[in-house]
Amino acid sequence: MIEKLSSCQLCPHNCGVNRLEGKIGRCGCDDKLTIALASLHHYEEPCISGTCGSGTVFFSNCNLRCQYCQNYEISQLQKGKEISVPHLADIFLKQQKNGAHNLNLVTPTSYVYHIIEALDIAKKQGLCLPVIYNTNGYENLQTIQLLKGYVDVYLPDLKYYSEEIAQKYSKIDHYFEIATKAILEMYNQVGGLQFNEEGMVQKGVMIRHLVLPNHILNTKHILKWIKDNLPQDISLSVMAQYFPTYKAKEDPLLNRKLTQKEYKQVEQYLYSLNLENGYIQELGSHEEEYVPEFNFSE
């Protein structure tokens with residue numbers, strides 16, 4: 001399957017570069033598999049982290065260029081370590097052995113072919129954890145369709161309603177149109193969230209949205225689209241953990257955290273839409289502490 005990287009069409013950039021010859025796609029990847037961290041992560045939503053942690057695997061590089069990315073060291077500065085597909089399969093199995101509630105693949109899009117091969121290997125050796133596809137939402141329909149049967153839980157971002165904001169902060173065109181089509185396909189595959197007896201997610205879709213300061217209208221448009229276009233059982237995670245980092249420190253609209261007033265506006269609007277399932281993150285003061293140290297070694 002990795003031979004398809006000879007003309008890569010994995011994400012909506014459809015850049016068609018021959019990654020097998022070492023050429024770099026717009027995502028920053030060639031044919032090598034690079035990860036930045038494998039860990040038990042305790043700062044996801046409660047139904048994902050639980051008491052034992054989510055078995056996260058953070059992949060290096062990204063097909064977006066978000067000015068405020070909290071993981072910019074790996075998404076844009078390419079921090080990480082090259083590993084083989086069998087090694088990735090071993091990491092999946094180790095997460096299960098360590099007691100993870102699930103296998104959480106973070107920013108996986110550019111490595112879908114590698115991941116599918118690794119899952120095939122790991123499942124033959126007893127991997128049975130729910131697989132979470134933790135994505136920025138900028139996905140090709142064909143790639144999501146390829147993942148049918150491999151992914152149990154889709155955890156997509158829905159970042160932007162506004163084309164102008166998407167281009168300004170992530171250097172991306174047609175984000176909303178592309179991400180919403182991908183999310184609809186995800187829902188068609190796995191439906192609303194399903195849980196085990198312990199309240200841990202086993203299957204379904206949960207949409208994440210990070211609220212940006214000075215862009216509350218963008219958030220309201222996103223919430224309204226979810227209300228109007230997805231079934232009532234859709235789950236949502238509204239995230240208030242934004243803090244200025246990377247290039248956002250230089251932007252006059254993004255160089256601060258959310259205010260209490262902004263948070264209340266979002267909270268009230270969310271409740272007015274009667275979106276019943278999911279989470280709204282509390283407004284904190286030490287969000288920086290939740291960013292892991294990307295120091296993979298094994």
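Scroll up to find the structure.
Residues numbered from 1 in each chain as written. Predicted model: local features only at pLDDT ≥ 70, side-chain atom pairs only at ≥ 80, totals over all residues. Heavy atoms only, no water.

**A look at the state of the cysteines**
Phase 1 of the analysis: In this structure the tally under the stated criterion is zero disulfides.
Phase 2 of the analysis: Left unpaired, Cys 11 is separated from the closest cysteine sulfur, that of Cys 27, by 6.3 Å.
Phase 3 of the analysis: Left without a disulfide partner, Cys 62 is nearest to the cysteine sulfur of Cys 66, which lies 6.2 Å away. (Disulfide = S-S within 2.5 Å.)

**Thoughts on the nonpolar core**
Phase 1 of the analysis: If you look at the biggest cluster of nonpolar residues, it comprises 81 residues, and the most contacted ones within it are Phe 92, Leu 158 and Ile 226.
Phase 2 of the analysis: Among the elements that line this core, the one with the most residues is helix H7 (residues 175–190), at nine residues.
Phase 3 of the analysis: One finds Cys 47, Ile 48, Val 153 and Leu 193 within the second-largest nonpolar core, a separate group that totals eight residues. (Core = buried A, V, L, I, M, F, W, Y, C linked by side-chain atoms within 4.5 Å. Buried < 20%, exposed > 50% of the residue type's maximum accessible area, 1.4 Å probe, protein only. Helix = DSSP H or I, 4+ residues; strand = E, 2+ residues; numbered from the N terminus.)

**Digging into the pairing of strand S1 (residues 33–41)**
Sheet faces and side chains relate simply in a regular strand, where the side chains alternate between the two faces.
Phase 1 of the analysis: Within S1, seven of the nine residues are buried, which leaves the element mostly enclosed by the surrounding structure.
Phase 2 of the analysis: Sheet topology places S1 next to strand S3 (residues 81–83); three bridges connect them, and they run antiparallel. Across the sheet, residue Leu 33 finds its bridge partner in S3, namely Ile 83.
Phase 3 of the analysis: In terms of strand pairing, S1 meets strand S2 (residues 54–59) through six bridges, oriented antiparallel. Bridging across to S2, Ser 39 finds its partner in Thr 56. (Pairing = 2+ DSSP bridges.)

**Remarks on helix H6 (residues 163–170)**
Phase 1 of the analysis: Within H6, burial applies to Ile 165, Ala 166, Tyr 169 and Ser 170. Angularly, the buried residues of H6 cover 100° about the axis, an arc narrow enough to put them on a single face.
Phase 2 of the analysis: Tucked inside the fold, the buried residues of H6 contact H7 and helix H8 (216–229).
Phase 3 of the analysis: Its side-chain oxygen placed 3.2 Å from the backbone nitrogen of Glu 164, Ser 162 serves as the N-cap of H6.
Phase 4 of the analysis: Two residues or fewer after H6 comes Lys 171, characterised by a positive phi angle close to 55°. (Arc of directions from axis to C-beta. Contact = heavy atoms within 4.5 Å. Polar contact = N/O pair within 3.5 Å; in protein donor to acceptor, adjacent residues only side chain to side chain.)

**Let's talk about empty space enclosed by the protein**
A water-sized probe rolled over the atoms picks out the places where empty space is left.
Phase 1 of the analysis: Tallying each qualifying case throughout the model produces three cavities of 30 Å³ or more.
Phase 2 of the analysis: For the largest cavity, the calculated volume is near 80 Å³.
Phase 3 of the analysis: If you trace the largest cavity, you find 13 residues lining it, with Cys 8, Leu 10, Cys 11, Cys 15 and Cys 27 closest to the centre.
Phase 4 of the analysis: By volume, the second largest cavity is sized at about 40 Å³.
Phase 5 of the analysis: Forming the boundary of the second largest cavity are Val 211, Val 238, Met 239, Ala 240, Leu 258, Tyr 263, Val 266, Ile 280 and Gln 281.
Phase 6 of the analysis: Listed by contribution, the elements that provide at least two residues to the lining of the second largest cavity are strand S9 (235–239) and helix H9 (260–272).
Phase 7 of the analysis: Broken down by class, the residue content of the lining of the second largest cavity amounts to eight nonpolar, one polar and no charged. (1 Å grid on protein atoms, 1.4 Å probe; cavity = no way out; pocket = protein on both sides within 12 Å on 5 of 7 lines; lining within 4 Å. Points joined across faces, edges and corners; volume = space filled by probe spheres on them. Nonpolar A, V, L, I, M, F, W, Y, C, P; charged D, E, K, R; others polar.)

Remember that the coordinates give geometry; whether it matters functionally is a separate question.
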